[in-house]
Each structure stands twice: as structure tokens, then as C-alpha cells.
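Coordinate inspection notes
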Amino acid sequence: MKKDIHPEYHTDTAVTCACGNKFTTGSTLKAIRVELCGNCHPFYTGKQKFVDTARRVEKFQERTVKKAAIAAGRKGKKVKKEAAAKKKAAAKTEKKTAKKADKTKA
Ligand SMILES: [Zn+2]
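Cut-offs applied
Residues numbered from 1 in each chain as written. Predicted model: local features only at pLDDT ≥ 70, side-chain atom pairs only at ≥ 80, totals over all residues. Helix = DSSP H or I, 4+ residues; strand = E, 2+ residues; numbered from the N terminus. Rg over C-alpha atoms; globule rule 2.2 N^0.38 Å. Buried ≥ 20, exposed ≤ 12 C-beta atoms within 10 Å, placed from the backbone. Contact = placed C-beta atoms within 7 Å. Pairing = 2+ DSSP bridges.

1. Description of the overall build of the protein chain
Along the backbone of the protein chain there are three helices and three strands. Element order for the protein chain, N to C, with α for helix and β for strand: β-β-β-α-α-α. In terms of C-alpha radius of gyration, the protein chain reaches 35 Å, well past the compact-globule figure of 13 Å for 106 residues. Considered along the principal axes of its C-alpha atoms, the protein chain spans approximately 120 × 30 × 15 Å. Out of the 106 residues belonging to the protein chain, those deemed buried represent 0%. At a minimum sequence separation of 6, the contacts of the protein chain that also span at least 24 residues come to 0%.

This is the structure in C-alpha cells:
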């Protein structure tokens, strides 16, 4: 190796994960902080996990909840059509009963 061009190599670099797992490895850095390790990565645990930065996942979930609430309040075309048909039918029967009442009066 050429002298004075290589960084110092540490054989006992401490790696700290966000989940609390710690282990040592070799690196030019003295300490490494990671968000995921083999202990907590979804691929190895088999559990779903969100690695959320800047609250993106939370924001998205809030939005979907809001949308669902709005959608639940809305009525579909079919429901609206049925309601309109019922109204029409009710108006027709009302007219008929009114006519009958007129006939009985006369
Ligand atoms: Zn971890």
C-alpha cells in the first residue's frame, strides 16, 4: 500500500441500528448509525414495517381516511336515481288521490 493516502481502518466499528441492535464491523468510520439492520428488516422478520421519513406514510394514511369518510357520505348514481323515481311515484299517487278526492266531492 502506498503511504499516507489510505484512510485509517477501524476493525471494531460500532454499528447502531434504530431498533436498538448493535454489532461491530470493520470500516474507515469509527461509528455507524443505520435505520435498518438484519434484525429488523422486513425481509428477514416477515412483518410489514414502514421506514418513515418526514411523516410521509402517516400523511398518506390520514389522506386516505379523509377520502373514505367523504366517499361514505356521498351517494352513488344508482341511489340518486332510485330516490328520484320514488319521489316521482309518490307525486303521481298524490295526484291520483287528489283527483279521486275531487271526484268524490263532486
Ligand atoms: Zn435494526
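2. Some words on unusual backbone geometry
For Asp4, which is not glycine, the phi dihedral falls at a positive 65°. With respect to the helices and strands, the residue Asp4 is situated in the segment before strand E1 (10-17). Overall, the presence of 5 C-beta atoms within 10 Å leaves Asp4 in the exposed class.

3. Comments concerning the pairing of E1
In the case of a regular strand, side chains alternate between the two sheet surfaces. As judged from the five bridges shared by E1 and strand E2 (residues 22-27), these two strands associate in the antiparallel manner. Across the sheet, Ala14 pairs through a bridge with Thr24, a residue of E2. Linking E1 to E2, which pair antiparallel, is a turn of four residues; within it Gly20 sits at a positive phi near 105°. Two elements, E1 and strand E3 (residues 31-34), share four bridges in a ladder whose sense is parallel. Bridging across to E3, Val15 finds its partner in Ile32.

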